[in-house]
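Next come the chains, spelled out residue by residue.
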Amino acid sequence: PSPNALSCVKESDKSLCSIIPTDLENTLQHPNISVTDFDMKDLANKFNVGVGGAWKPPDCISQHEVAIVIPFRNRTLQLQIFLSYMHPFLQRQLLNYRIFVIEQGTKGAFNRAKLLNIGYVEALKTYAYHCFIFHDVDLIPQKLNNMYACTHQPRHMSSSLDTFRYNLPYQELFGGAVAILKKQFELVNGFSNIFFGWGGEDDDFQNRIINRGMSLCRFPPDVARYTMLTHAKELPSENRFLNLESGRERYETDGVNTLKYSILKIVNYPLYTWILVDI
Ligand code: NGS
């Protein structure tokens, strides 16, 4: 049984957790990048994570029910660093969360946006999450007060990145890590499915949000601070600009409402739910 099941506190006796816990210190946090002894079971025990990488505060009812969706292929070491760092980070924020890793099981160009759509659909089969965080595996948030929760407007979370010298490269950037309410994601019909290869899918998603009358929000740079794990640059896709230009014509006809894929495997690992898909 999980420690939660053994707890003497009945669910009905619990009070709500703070929306933002008051003990989140403002110091810079750094990931441990030497995870040579990565052992999922050990870590899951240490952090009390439930199967599939789910956790909720044992003593209060979280006000944030968050699915964290990671598009993935070939980045095992980064995933290990991410998981070792993120579980304790998210727990300090008293979230009810689960980490979903959606892996493209097929060769060919990577389709980040489609994997995120799949993560959205699959996460909802496990729990009625009201908030979604779409998150690249190479991004590590450095401030504990950068809440992994949804704001009234869709939020660009990773806006202050070390590799950009903590500057935003352009105002419309909505890539890396974003938080969006379920109802807002539904309203924009999710991501486009046609962006194969690097670039543009996040810009298209941003266009969808603006088109629906929403605006982006960001936390101050001091809070929205991230470090990026290093990796080789991806090859930009050739048709990203064309897809982006014609995107407006496809908001209703290309998205989560037209999503087609098949599941190759689902495994509830100790630290995350792994969903291998044929896109
Ligand atoms: C833009 C890309 C975005 C990308 C952003 C930042 O040019 O997808 O750069 O990239 N848009 C297009 O290619 C149309 S980054 O500097 O983080 O590698 O997110």
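Since the structure is predicted, the reported quantities are computational estimates derived from the model, not experimental observations. (Residues numbered from 1 in each chain as written. Predicted model: local features only at pLDDT ≥ 70, side-chain atom pairs only at ≥ 80, totals over all residues. Heavy atoms only, no water.)

## Comments concerning the pairing of strand β4 (residues 65-72)
It is a general feature of regular strands that their side chains alternate between the two faces of the sheet. In terms of burial, β4 is largely enclosed, as seven of its eight residues are buried. Both β4 and strand β5 (residues 96-104) contribute to a ladder of eight bridges, which runs parallel. Each residue of the ladder has a partner; that of V66, found in β5, is Y97. In terms of strand pairing, β4 meets strand β6 (residues 131-135) through four bridges, oriented parallel. The partner of V69 across the bridge, within β6, is F134. (Buried < 20%, exposed > 50% of the residue type's maximum accessible area, 1.4 Å probe, protein only. Helix = DSSP H or I, 4+ residues; strand = E, 2+ residues; numbered from the N terminus. Pairing = 2+ DSSP bridges.)

## Structural notes on the pattern of salt bridges
The tally for this structure, following the rule as stated, stands at 12 salt bridges. Among the ionic pairs, E122 bridges to K125, the shortest N-O distance being 2.8 Å. Of this pair, E122 and K125 both sit in helix α4 (residues 112-126), three residues apart, which is roughly one turn of that helix. By relative accessible area, E122 is classed as buried at 5%. (Salt bridge = Lys/Arg side-chain N within 4 Å of Asp/Glu carboxyl O.)

## Section: the packing of aromatic side chains
We describe a pair of aromatic rings using the distance from one ring centre to the other and the angle between the two ring planes. The tally for this structure, following the rule as stated, stands at 17 aromatic pairs. Ring-pair connections join several aromatic residues into one group, and the members of that group are F100, Y120, Y127, Y129, F132, F134, F174, F185, F191 and F205. In this structure, R155 is placed above the aromatic ring of F219, and the distance from its NZ or CZ to the ring centre is 3.9 Å. (Phe/Tyr/Trp six-rings, centres within 6.5 Å; stacked < 30°, edge-to-face > 60°. Lys NZ or Arg CZ within 6 Å of the ring centre and 35° of its normal.)

## As for the site of the ligand
Every residue lining the ligand is accounted for by F164, Y170, L173, W198, G199, G200, D202, D203, K233, R240, F241 and L244. G200 has a polar backbone atom sitting 2.8 Å from an oxygen atom of the ligand. Between the ligand and R240, the relevant distance is 2.6 Å, taken from an oxygen atom to a side-chain nitrogen or oxygen of the residue. Within the complex, the protein chains bury 75% of what would otherwise be the 450 Å² of accessible surface of the ligand. Looking at the shell around the ligand, the elements with two or more residues in it are α6 (201-211) and α7 (240-245). Here the shell around the ligand takes three residues from α7, the largest share from any one element. Class assignment for the residues of the shell around the ligand results in six nonpolar, two polar and four charged. (Near = heavy atom within 4 Å. Polar contact = N/O pair within 3.5 Å; in protein donor to acceptor, adjacent residues only side chain to side chain. Areas by Shrake-Rupley, 256 points an atom, 1.4 Å probe, with all protein chains shown as cover. Nonpolar A, V, L, I, M, F, W, Y, C, P; charged D, E, K, R; others polar.)

## Description of α6
Counting buried residues along α6, eight of its 11 residues qualify, which places the element largely inside the surrounding structure. Listed in full, the buried residues belonging to α6 are E201, D202, D203, D204, F205, Q206, R208 and I209. Contact partners of the buried residues in α6: α4, β10 (177-181), α5 (182-187) and α7. (Contact = heavy atoms within 4.5 Å.)

## Comments concerning unusual backbone geometry
A positive phi is found at N48, a non-glycine position, where the angle reads about 60°. Positionally, N48 belongs in the loop between α2 (40-47) and β2 (54-55). A positive phi angle is found at N189, which is not glycine, with a value near 60°. Mapped onto the fold, N189 is located in the loop between α5 and α6. What makes N189 buried here is its relative accessible area of 8%.

## A look at the nonpolar core
The biggest cluster of nonpolar side chains holds 45 residues, and the ones touching the most others in it are I68, L90, I99, Y148 and Y272. Of all the secondary structure elements, the ones that give two or more residues to this core are α2, β4, α3 (76-92), β5, β6, β7 (139-141), β10 and β13 (273-278). Considering each element in turn, this core owes the most residues, eight residues, to α3. By size, the runner-up hydrophobic cluster in this structure holds 27 residues, among which are A67, Y120, I180 and L259. (Core = buried A, V, L, I, M, F, W, Y, C linked by side-chain atoms within 4.5 Å.)

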